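Coordinates in review
In case you want the letters, here they are:
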Amino acid sequence: MNKLLIRGAAVVNEGNIVPLDVLIEGERISTIAPAITVSNDMEVIDAHGKHLLPGCIDDQVHFREPGLTHKATIETESKACIAGGITSYFEMPNTNPQTTNADAYAKKLAIAAETSWVNYGFMFGGTNDNLEQIKAIDPKKTPALKLFLGSSTGNMLVDDPKTLKEIFTAFKLPIAVHCEDEQTVKNNLATYKLKYGDDIPIEYHPDIRSEEACYLSSSKAIALAKETGARLHVFHLSTAKETALFSNELPLSQKQITAEVCIHHLWFSDEDYAQKGTHIKWNPAVKTAHDRDELWNALNDDRIDIIATDHAPHTIEEKSQVYTKAPSGGPMVQHALPVMLDCVQQGKITLEKVVEKMCHNPAILFDIEHRGYIREGYFADLVLVDTNQSQTVTRDNVLYKCGWSPLEGTTLKGTVTHTIINGEILYNQGVFASTAKAKQLTFVR
Ligand code: DOR
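The structure reproduced in this document is the subject of the present report. (Residues numbered from 1 in each chain as written. Predicted model: local features only at pLDDT ≥ 70, side-chain atom pairs only at ≥ 80, totals over all residues. Heavy atoms only, no water.)

**Focus on the site of the ligand**
Filter applied, for reference: Throughout, near means a residue has at least one heavy atom within 4 Å of the molecule or strand. N or O atoms closer than or at 3.5 Å make up a polar contact, with two conditions inside protein: a donor-capable atom paired with an acceptor-capable one, and, for residues adjacent in sequence, both atoms drawn from side chains. In these tables, accessible area is a Shrake-Rupley quantity obtained with a 1.4 Å probe, and a residue counts as shielded only by the protein chains included in the view. Amino acids outside the nonpolar list (Ala, Val, Leu, Ile, Met, Phe, Trp, Tyr, Cys, Pro) and the charged list (Asp, Glu, Lys, Arg) are all regarded as polar, and Gly is one of them.
Neighbouring residues of the ligand: 14 residues in total, closest Arg64, Asn94, Thr153, His178 and Asn283. Contact distances for the ligand include 3.3 Å between an oxygen atom and a side-chain N or O atom of His62. Contacts to the ligand include Asn283, whose backbone N or O atom sits 2.8 Å from a nitrogen atom. Contact with the protein chains removes 100% of the 280 Å² of surface that the ligand exposes when unbound. Residue composition of the shell around the ligand, grouped by class: 3 nonpolar, 9 polar and 2 charged.

Below you can see the structure in the form of structure tokens.
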């Protein structure tokens, strides 16, 4: 059995930062101790001066396969994950075909089994008419159900109140929701179209996909979850107003209603539209600096539970069109952890909290088996980072199939040096292993 010893790193885990040695045997962590004796059957990584983190688990990515592979593939984007320290992901159902029945679900899993570089799970998509398929989901292999309560890329709006109530009542696993009130967005868009036609200045995006649209939809979803007892997870909060809908009174494992925030809503504000244009057009929209500040506060006081990317690549040609034609979304998995490491340097969050929100909490919230922590017996999904090493994002060094990043030109203090997945070093200071060792995620339910 392969033995790999990581020596002398500052191990960031379960609220502490402690210098420890970590021994991996095969796919799992076998021993964690202050000093492990080296033997000649061990490969050794000298990690003095670095921090060792559990691999990040991204609960929301769009990898576009099948059907939209001119934008991205499971292979290309999961490889970019490795360079960014993301060792597991949940991919979304708005592909083509949509992942809304057992057959499409099985086909997507088969593609991932062949090509994914990192551990994978797929959210099942709800529609106005697939309740029977939803009821047949395997809880041990499926992280959650995804519902678009506002339409975005892929036309997956679920807007029939009777169906929604049936789904919320019947489904016992987490229901992850995209919340933007459809009618509010439609009305706002019509107003701006009257004035500007298709070429609406991007600065109005947060007025079209407005605070009110977000709040109305997320508060409705929460009310329905309270009425039905559903386990609700609200994706990508973008407004200060919505943060008041969430509580920090219970530990995560006991919460019925939870929330996620995405890297772009923590990093950008409406002040960036002038420079970045439609490259930072997302649904929900990036909003004001005040909204961003309040998202940080809610993250740090535990009303927000998870940090994710909503990695959503489109080609640069698609993104460079006029407002109404430019699709929403942008790629992020390669730089999500470095962005957060930079935010640690800026004093916005502690490193322990980053690990809680990007590693531990996704594992708790979705009951992921034996991942998300640095623990003996757990899978060895690990990331070594150098918090002093800076990197500048350029079009030349992005790994995404779409070949661009909304962070181009940004220098981030914090770099992933090694990524280990299921006990194998897959990324070593810029060099990738030649084969992947990814597994389908399993859930203890
Ligand atoms: O900006 C977004 N893009 N938000 C979503 O909800 C979907 C995503 C996409 O798939 O492009």
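**Here's the deal with the sheet that holds strand β6 (residues 56–61)**
Counted only if it meets this: Only strands that DSSP links by at least two bridges are regarded as paired with each other. Only DSSP runs of H or I covering at least 4 residues are called helices, and only runs of E covering at least 2 are called strands; the numbering of each starts at the N terminus. Every axis in this analysis is a line fitted to C-alpha atoms, fitted for helices over the stretch in contact. Angles between the N-to-C directions lie between 0 and 180 degrees.
Strand order in this open sheet of 3 strands is β6-β7-β8, and the pairing throughout is parallel. Looking at the sheet topology across the chains shown, the edges are occupied by β6 and β8 (119–122). Between one strand and the next, the sheet's axes are offset by a mean angle of 20°, whatever the strand orientation. Taken together, the 4 bridges between β6 and strand β7 (residues 86–91) define a ladder with parallel strand orientation.

**Quick notes on the pattern of salt bridges**
Two side chains that carry opposite charge are able to pair once their charged atoms sit near each other. Heads up, the condition is: By definition, a salt bridge exists where a carboxyl oxygen of Asp or Glu is found within 4 Å of a side-chain nitrogen of Lys or Arg. Burial here depends on accessible area, computed with a 1.4 Å probe over protein chains only, as a share of the maximum for the residue type. Under 20% is buried, over 50% is exposed, and the range in between is partly exposed.
Overall, the coordinates contain 23 salt bridges when judged by the stated rule. One salt bridge in this structure joins Glu227 and Lys165, with 2.6 Å as the shortest N-O distance. Highlighted residues: Glu227 in helix α7 (residues 211–228) and Lys165 in helix α4 (residues 161–170), separated in sequence by 62 residues. The closest approach of N and O atoms between Glu408 and Arg395, which form a salt bridge, is 3.1 Å. Of this pair, Glu408 sits in the loop between β15 (382–392) and β16 (411–421) while Arg395 sits in the loop between β15 and β16; the two residues are 13 residues apart in sequence, bridging distant segments of the chain. Look at Arg395 and you get partly exposed, because its relative accessible area is 41%.

**Thoughts on the packing of α4 against α7**
Put simply, the rule reads: Reported orientations rely on four angle classes, namely roughly parallel under 35 degrees, roughly antiparallel over 145, roughly perpendicular from 65 to 115, and oblique for the rest. Crossings are classed by handedness, with left-handed meaning an anticlockwise turn of the near helix from the far one by less than a right angle and right-handed meaning a clockwise turn. In what follows, residue pairs with any heavy atoms lying within 4.5 Å of each other are defined as contacts.
Interaxial distance between α4 and α7 falls to 9 Å at its minimum, and their mutual angle equals 50°. Our classification of the angle between α4 and α7 gives oblique. The hand of the α4/α7 crossing is right-handed. Two secondary-structure elements touch here, α4 through Leu164, Lys165, Phe168 and Thr169 and α7 through Ala221, Leu224, Ala225, Glu227 and Thr228. Each residue belonging to the contact of α4 with α7 can be placed in one class, and the counts come to 5 nonpolar, 2 polar and 2 charged.

**Considerations on the sheet that holds strand β14 (residues 306–308)**
What holds strands together in a sheet is hydrogen bonding between their backbones, with the strands either parallel or antiparallel. Sheet architecture is open: 6 strands sit in the order β9-β10-β11-β12-β13-β14, paired in parallel fashion. For this open sheet the edge positions go to β9 (124–125) and β14, each flanked by a neighbour on one side alone. With 2 bridges joining them, β9 and strand β10 (residues 145–148) adopt parallel strand pairing. Within β10, the residue paired with Phe124 across the bridge is Leu145. On top of the sheet, α4 reaches β10, β11 (175–178) and β12 (232–234); it is set at about 160° to β10, its chief contact.

**Digging into the pairing of strand β13 (residues 257–262)**
Among the 6 residues of β13, 6 are classified as buried, and the element is accordingly described as predominantly covered. Residues of β13 alternate between two faces, with Ile257, Ala259 and Val261 on one and Thr258, Glu260 and Cys262 on the opposite face, all of them buried. Pairing between β12 and β13: 3 bridges, direction parallel. Each bridged residue has a counterpart across the sheet, and for Leu232 the counterpart in β13 is Ile257. Bridge count for β13 against β14 is 3 bridges, and the pairing is parallel. Bridged to Glu260 within β14 is Ile306.

**Considering unusual backbone geometry**
The peptide bond linking Glu65 to Pro66 adopts the cis configuration, its omega dihedral lying at 10°. In this structure, Pro66 sits in the loop between β6 and α1 (74–83). Cis geometry marks the peptide bond from Asn283 to Pro284, where omega comes out at -5°. In this structure, Pro284 sits in the loop between α10 (273–276) and α11 (289–300).

**Brief notes about the packing of α1 against helix α2 (residues 102–115)**
Relative orientation of the contacting elements α1 and α2 amounts to 55°, with a least axis distance of 10 Å. In terms of their interaxial angle, α1 and α2 are classed as oblique. As α1 runs across α2, the sense of the crossing is right-handed. Contact residues: Ile74, Glu75 and Ser78 in α1; Lys108, Ile111, Ala112 and Thr115 in α2.

Shape descriptors only; they carry no functional weight alone.
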